[in-house]
Amino acid sequence: MTVQQISVFLENKSGSLAKVFRTLSDAGIQLITSTLADTADYGVCRILCDNPEKAYSVLSKEGFSVTKTEVFAIVLDDRPGRAADAIACFAEGGISISYLYSFLYEGKGVLVFRTSEMEKAVALIAANGLVEAKL
Amino acid sequence: MRDTYPFGIASIPLDQCVRLHSSSGTTGNPTVVLHSAKDLHEWANALARSLWMVGCRPEDVFQNTSGYGMFTGGLGFQYAAEMLGMLTVPAGAGNTLRQLKFFTDFGTTVVHAIPSYAARLYEVMCQQGIDPRRDTKLKIMAIGAEPHSEDTRKRIEEMLGLKAYNSFGMSEMCGPGVAFECKEQNGMHIWEDYYIVEIVDPDTLEPVPEGEVGELVLTTLNREAMPLLRYRTRDLTRILPGKCPCGREHKRLDRMKGRSDDMIILKGVNIFPIQIETILAQYKDLASDFLITLNTVEDNDDMTVEVELSELANVDDYAYLQNLSKDITRKLRDEILVTPKVKLLPKGALPRSEGKAVRVKDLRKKY
Ligand SMILES: [Zn+2]
């Protein structure tokens, strides 16, 4: 089971990110987490929220360049080194991860990653007893 | 024409003229074109004939998205469409939501638009959940005023589900209706009962051999108020050799290759914006708007091409975005022999113009 993530392409111009969040909050969409990656020329803002379908449609309507992506979200329990273990098991399982980020959700660590090898990832998650996050 | 501004080269008394069109032009002083009542009638006739050629009939509903001021695409198409007997919707430029409402409410079948506006119409249709094939009766579009590539035409046809025909004209020769594509969509028939056509080398002014590119030179045959003899249009094109399968004998002009005056000279290389457009139009992940900016960086010429992503671009994938700009850079370099900086923009980031799109911004130091 994967989570739908919304990615927004942004110009490196002040105010463009604020407009994304304003658009979402005006539509009554609750943000779960967001990350921003940028180069000299542009930025990509990745968003998890309570209603990705609606987020996608309101952002498109506002004229943003938006893409919906399936990502994995894993709950990490409190044991130290749990994130390292999880990442190691993907490396050993031979799947390549295009990006990864983590955040705290309802008191627990959540690790989000994107891979193009979806089936392999599903199998690895099951085999290693990892728990998928319910966001 | 500029030297005698405004009325110096009128060939009939002003009281016999009924209209003037003035072009601000992109290079310098304005020009004025005067028309007698007969001139307007002839102009409408040439353009009505063009519209008939691509299948327009009196039962059609014609919507004109051109500005109705001095821009000849407004009144020019208006009179021609009325002469043909179509029901006309003189919508004028801009206000895209209203244009779409007219399409659906009035059952518009034929529309006149500049190519960049055709893309804009589609963009707003998508936002509004309008499917042009399902929700409109559009079937014919006349596109002109901006040079565009075959790929751009195909894209417009695909997006809007209609046939798009290239229209050529210039205000000095009245306006649209000088030449127009037939249903073969291979070259624009130039109306030789209205114009004598020559293609010359812009440097030597000698005629070029048939089929070769040169500057289009026109002589008007039946204008009263302002006949022009061997007028240098600055448009670069060629005559397509051979006969058109449609049977018309009027010579065919190839797509405009650019203008001898919108040519960019960068690091000593001649570049036409149409070359850039032709490359960009090959990418499904790009929208049709782009802007070329020329700058002086450390005393060197520098070119930046900004282009908008289309809704098909996967903006989550960094590697893909990087490869995309690299690939565009390489293809542009192969075409224009200069390496530009390519900047990807979110869709809608470039300023929209209601008239002719601005494609080149020259900010270079002038010496
Ligand atoms: Zn023909």
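Please refer to the structure higher up on the page.
Here the structure is a predicted model, which means the values were calculated and not measured.

Thoughts on the coordination of the zinc ion
Residues and elements named next belong to chain B.
- The zinc ion binds to the protein through Cys 182 (SG), His 189 (NE2), Cys 244 (SG) and Cys 246 (SG); the donor distances cover 2.0 to 2.3 Å.
- With 4 donor atoms in place around the zinc ion and angles of 103 to 116° between them, the coordination shape is tetrahedral.
- If you list the donors of the zinc ion from N- to C-terminus, the spacing comes out as C-x6-H-x54-C-x1-C. Here Cys 246 lies in the loop between strand S12 (231-237) and strand S13 (252-253) and His 189 lies in strand S9 (residues 188-190), a separation of 57 residues in the sequence.

Thoughts on the packing of aromatic side chains
- A full pass over the atoms with the stated rule returns 8 aromatic pairs over all chains.
- Considering the side-chain rings of Phe9(A) and Tyr42(A), the 4.9 Å spacing of their centres and the 35° angle between planes classify their relative orientation as tilted. Residue Phe9(A) is located in strand S1 (residues 3-11), and its partner Tyr42(A) is located in strand S3 (residues 42-49); the two are separated by 33 residues in the primary sequence. The exposure classification of Phe9(A) matches that of Tyr42(A), with both residues buried.
- The interplanar angle of 70° and the centroid separation of 6.3 Å between the aromatic rings of Phe103(A) and Tyr105(A) together place this pair among those described as edge-to-face.
- Judged by relative accessible area, Phe103(A) falls into the buried class, the value being 10%.
- The exposure class assigned to Tyr105(A) is partly exposed, which follows from its relative accessible area of 21%.
- Grouping aromatic residues by their ring pairs yields a cluster made of Phe9(A), Tyr42(A) and Tyr318(B).
- If you follow Arg57(B) out to its NZ or CZ, it ends over the ring of Trp52(B), 3.6 Å from the centre.

Details of the interface of chain A and chain B
- Facing the 23 residues of chain A at the interface are 16 residues of chain B.
- Taken as a group, Phe9(A), Glu11(A) and Tyr42(A) account for 34% of the area that chain A buries against chain B, more than any other trio of residues on that side.
- Our enumeration of links across chain A and chain B arrives at 1 salt bridge.
- Arg46(A) is the salt-bridge partner of Asp316(B), the closest N and O atoms lying 2.7 Å from each other.
- Sorting the residues of the side of chain A that touches chain B by element identifies S1, strand S2 (31-38), S3, helix H2 (52-61) and strand S4 (65-76) of chain A as the ones contributing at least two each.
- Sorting elements by how many residues they give to the side of chain A that touches chain B places S1(A) first, with 6 residues.

As for the environment of Val200(B)
- Examined against the element boundaries, Val200(B) turns out to sit in strand S10 (residues 195-200).
- What Val200(B) contacts, discounting residues up to four positions off in sequence, is Leu205(B), Glu206(B), Pro207(B), Val208(B), Gly214(B), Glu215(B) and Val217(B).

Side note on the sheet that holds S13(B)
Residue and element names in this part refer to chain B.
- Taken together, the 8 strands give an open sheet; going across it, the order is S4-S3-S5-S6-S7-S8-S9-S13, and neighbouring strands pair in mixed fashion. Among the strands making up the open sheet, the edge pair consists of strand S4 (87-89) and S13.
- Sheet topology places strand S5 (residues 110-113) next to strand S6 (residues 140-144); 4 bridges connect them, and they run parallel. When the bridges of S6 are listed, Val 111 appears paired with Met 141.
- Lying over the sheet, helix H6 (residues 150-160) contacts S6, strand S7 (163-169) and strand S8 (176-181), oriented at roughly 135° with respect to S7.

Observations concerning the pattern of salt bridges
Residues and elements named next belong to chain A.
- Here the structure, examined in full by the defined rule, presents 25 salt bridges over all chains.
- In this structure, Glu 117 and Lys 120 form a salt bridge, with 3.5 Å as the shortest nitrogen-oxygen distance.
- By relative accessible area, Glu 117 is classed as partly exposed at 25%.
- Residue classification places Lys 120 among the partly exposed residues on the basis of a relative accessible area of 42%.

Topic: the sheet that holds S12(B)
All names here are of chain B.
- One open sheet accounts for 4 strands, arranged S10-S11-S12-S14; its pairing is antiparallel. Unpaired on one side and paired on the other, S10 and strand S14 (258-259) mark the two borders of the sheet.
- As judged from the 4 bridges shared by strand S11 (residues 214-220) and S12, these two strands associate in the antiparallel manner. Residue pairing in the sheet places Val 217 in a bridge with Arg 232 of S12.

Some words on the pairing of S7(B)
Residue and element names in this part refer to chain B.
- Within S7, 5 of the 7 residues are buried, leaving the element largely enclosed by the surrounding structure.
- Summarising the sheet, S6 and S7 pair through 5 bridges and their orientation is parallel. The residue of S7 that forms the bridge with Ala 142 is Tyr 165.
- A crossover connection joins S6 to the parallel S7 through H6; in handedness this β-α-β unit is right-handed.
- As paired elements, S7 and S8 share 3 bridges and run antiparallel to each other. Pairing of Phe 168 across the sheet is with Ala 179, part of S8.

Describing unusual backbone geometry
All names here are of chain B.
- For the peptide bond that leads from Tyr 5 to Pro 6, omega is 0°, which places it in the cis range.
- Tracing the chain through its elements places Pro 6 in the segment before strand S1 (17-23).
- At Cys 174, a position not held by glycine, the phi torsion is positive, near 90°.
- Turning to its location among the elements, Cys 174 is positioned in the loop between S7 and S8.
- Residue class for Cys 174 comes out buried when judged on its relative accessible area of 7%.

Digging into helix H4 (residues 118-127) of chain A
All names here are of chain A.
- If you check which residues of H4 are buried, you get Ala 121, Leu 124 and Ile 125. Angularly, the buried residues of H4 cover 100° about the axis, an arc narrow enough to put them on a single face. Opposite the buried face of H4, at more than 90 degrees from it, the exposed residues are Glu 119, Ala 126 and Ala 127.
- Here the buried face of H4 lies against S4, helix H3 (82-92), strand S6 (108-114) and strand S7 (131-132).
- One or two positions beyond H4, positive phi appears at Gly 129, with a value near 65°.

Calculation notes
Within any chain, residue numbers begin from 1 and follow the written order of that chain's sequence. Think of it this way: whatever chain is written first is A, whatever ligand is written first is 1, and the rest follow in order. It should be noted that, the model being predicted, local features are given only for residues of pLDDT at least 70 and side-chain atom pairs only at 80 or more, the latter also being counted only at that level, while totals for whole chains, interfaces and linings use all residues. The basis for the side-chain values is all heavy atoms of the structure; hydrogens and waters are excluded. Metal sites are built from N, O and S donor atoms within 2.8 Å, or 3.2 Å for Na, K and Ca, and they leave out water, so they may look incomplete. A four-donor site is called tetrahedral if each angle lies between 85 and 135 degrees; a four-donor site is square planar, and a six-donor site octahedral, when trans pairs exceed 155 degrees and the remaining angles lie between 65 and 115; all other cases are labelled irregular. Only DSSP runs of H or I with at least four residues qualify as helices, and only runs of E with at least two residues qualify as strands; both kinds are numbered from the N terminus onward. Aromatic pairs are defined between Phe, Tyr and Trp rings, using the six-membered ring for Trp, whenever the two ring centres lie within 6.5 Å; interplanar angles under 30 degrees are classed as stacked, those over 60 as edge-to-face, and all others as tilted. Relative accessibility decides the category of a residue: with a 1.4 Å probe and only protein chains considered, values under 20% of the type maximum give buried, values over 50% give exposed, and everything between is partly exposed. Working rule: Lys NZ or Arg CZ, within 6 Å of ring centre, within 35 degrees of ring normal, means a charge sits over the ring. Working rule for contacts: check all heavy atoms of both residues, and any pair within 4.5 Å makes them a contact. By buried area we mean how much accessible surface two parts lose on assembly, using a 1.4 Å probe and totalling the loss over both. The term salt bridge refers to a side-chain nitrogen of Lys or Arg lying within 4 Å of a carboxyl oxygen of Asp or Glu. Two strands qualify as a pair provided that DSSP identifies no fewer than 2 bridges between them. Axis definition: a line fit to C-alpha positions, over the contact stretch in the case of helices; interaxial angles, taken between N-to-C directions, run 0 to 180 degrees. For the handedness criterion, the strands are oriented away from the viewer, and a crossover whose path from the first strand over the helix to the second runs clockwise is classed as right-handed. It is the directions from the helix axis to the C-beta atoms whose arc is reported.

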